[in-house]
Amino acid sequence: MIRMRFPAAGMARVGAALAVGGVLTLAAAGCAGQVSDIGPADAQSLASAEAVPDPRPSGAPQIHPRWRACAGEPSMRPQDEGNNAAPLPQFAGSFHPVAAVRCREDTQRRPDGGTDSIAVEDRADNVAALLAALRLPDAPPPSPPSPEPPTGDVPPDPDLICTADGYFPPRLVLLDGQGRWVRPRIPLDTCGKPLAAATAALDKLHWTRVTTRVVGEVESAEAAASGCDQVQTDMVWFTGVYPPTWQGDLVPPAGDAASVRLCVYQVKASGRDSEKPQGDFVSGGMLPAGRWAAVRRAVQISGEATPCTTPANRFARLETPRGDIYVELDGCRRLVAPGVFAGDGTTGDTIWQAPTDLPALLTKP
């Protein structure tokens, strides 16, 4: 659950406000359909009506049957916000943890140089310190503000400043000797963040990896070998989509002997009409000797960009010592390069019309 943080002075804790909001919502749901000032006839009618089950969840925390695996439990998915977690003290007397399991995501380098996204399940068996931390109460909310305005001589208390960052609760479960499991809630500090003692106890556990499951590819072996990013934004389209796009003078490109990396991308079909199309890596590497000199000359004779509304299917990125240059390989066939704007001499990306032979220079073997 993402929790917004605000200055604590003058405000109740955000977590408390959210809890009150939840109570008000449940109260509203429980009163739906009720009418005030009902008469005797109405009361008799209501009394004879069929009882409707109470939709509100019971306050008893749930102890789940035998644990299967992170991959087999829907509540342990990456988008989980910890809504089914309950404070550990609520399980006292009915559940006795002996181990902990956490579900998380990571990346893993393959032998071919590529990188995969993986889902990991870890287990820890010596959990006494963790259980002690999870049984700690939440920190009290901040004190109400003083009616007297603070003087300039009194520095603000850093402990009363709550930042506006958010967090996702760890996907943590506790197991008992029968293999049953519960989802414990992490105690919170004054700002509604995980209590430092609980976080430290989690970090100090000796975790043993149980399973590793490949979810998808993050970087291909070819992209890793080329030095190019696996995914890149079509900066030409992104720059040109917000008129007016200022056309400054091109910054003189790096010299003919410069080392320049070329990366070619195919625009993803799902985002071709978006304001910021993303491209997948196709090919790339260092330009061969002499090729950059020809590309450099083509860039320098670019003309004024003409109006165009045809998104590119492919684009190229040139990583040069004097900044990146992006080129549409089809569609409008424009380029974006570092520029200097007339008048104040400020620098920034400028858009030009690429010469007709530039795409061929960037795609030939």
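Data block above holds the structure.
1. Let's talk about the state of the cysteines
Line of reasoning, step 1. According to the stated counting rule, one finds four disulfides in the structure shown.
Line of reasoning, step 2. One disulfide bridge connects Cys70 with Cys103, the sulfur atoms lying 1.9 Å from each other. Taking the sign of the S-S torsion, -85° for the link of Cys70 and Cys103, the bridge is left-handed. Placement of the pair is Cys70 in the loop between helix H2 (40–48) and strand S1 (97–109) and Cys103 in strand S1, with a sequence separation of 33 residues. The residues Cys70 and Cys103 share a single accessibility class, namely buried.
Line of reasoning, step 3. Between the sulfur atoms of Cys162 and its disulfide mate Cys191 the distance is 1.9 Å. Note on the Cys162 and Cys191 pair: the S-S dihedral is about -80°, so by sign convention the disulfide is left-handed. Of this pair, Cys162 sits in the loop between helix H3 (128–134) and strand S3 (171–176) while Cys191 sits in the loop between strand S4 (181–182) and helix H4 (196–204), and the two are 29 residues apart along the sequence. Take Cys162 and Cys191: they sit in the same class, and that class is buried.

2. A few points about the packing of aromatic side chains
Line of reasoning, step 1. Overall, the coordinates contain four aromatic pairs when judged by the stated rule.
Line of reasoning, step 2. Judged by centre distance (5.1 Å) and plane angle (80°), the ring pair of Trp67 and Trp181 falls under edge-to-face. Taken as a pair, Trp67 in the loop between H2 and S1 and Trp181 in strand S4 lie far apart in primary sequence, 114 residues in all.
Line of reasoning, step 3. The exposure class of Trp181 is buried, given its relative accessible area of 3%.
Line of reasoning, step 4. When the ring centre of Phe238 is taken as origin, the NZ or CZ atom of Lys276, which lies over that ring, is 5.0 Å away.

3. A closer look at the environment of Met235
Line of reasoning, step 1. Tracing the backbone shows Met235 in helix H6 (residues 235–240).
Line of reasoning, step 2. Spatially, the C-alpha atoms of Met235 and Pro277 are 8.3 Å apart, while their sequence positions differ by 42 residues.
Line of reasoning, step 3. If near-sequence neighbours (up to four positions away) are discounted, Met235 is found in contact with Tyr326 and Val336.

4. Considerations on the sheet that holds strand S2 (residues 115–124)
Line of reasoning, step 1. Ordered in space as S4-S3-S1-S2-S5, the five strands form an open sheet in which the pairing is antiparallel. Of all strands in the sheet, those with a lone pairing partner are S4 and strand S5 (208–219), marking the two edges.
Line of reasoning, step 2. Strand direction decides the pairing type here: S1 and S2, joined by 10 bridges, are antiparallel. The partner of Ala100 across the bridge, within S2, is Ala124.

5. Here we look at the pattern of salt bridges
Line of reasoning, step 1. This structure, assessed with the given rule, holds 19 salt bridges.
Line of reasoning, step 2. One salt bridge in this structure joins Arg102 and Asp122, with 3.0 Å as the shortest N-O distance. A residue pair is termed long-range when its members are at least 10 positions apart, and Arg102 in strand S1 and Asp122 in strand S2 qualify at 20 residues.
Line of reasoning, step 3. A relative accessible area of 2% places Asp122 in the buried class.
Line of reasoning, step 4. Between Glu319 and Arg317 there is a salt bridge, with the nearest N and O atoms lying 3.6 Å from each other.
Line of reasoning, step 5. The class of Arg317 is buried, set by a relative accessible area of 12%.

Conventions adopted
Residues numbered from 1 in each chain as written. Predicted model: local features only at pLDDT ≥ 70, side-chain atom pairs only at ≥ 80, totals over all residues. Heavy atoms only, no water. Disulfide = S-S within 2.5 Å. Helix = DSSP H or I, 4+ residues; strand = E, 2+ residues; numbered from the N terminus. Buried < 20%, exposed > 50% of the residue type's maximum accessible area, 1.4 Å probe, protein only. Phe/Tyr/Trp six-rings, centres within 6.5 Å; stacked < 30°, edge-to-face > 60°. Lys NZ or Arg CZ within 6 Å of the ring centre and 35° of its normal. Contact = heavy atoms within 4.5 Å. Pairing = 2+ DSSP bridges. Salt bridge = Lys/Arg side-chain N within 4 Å of Asp/Glu carboxyl O.

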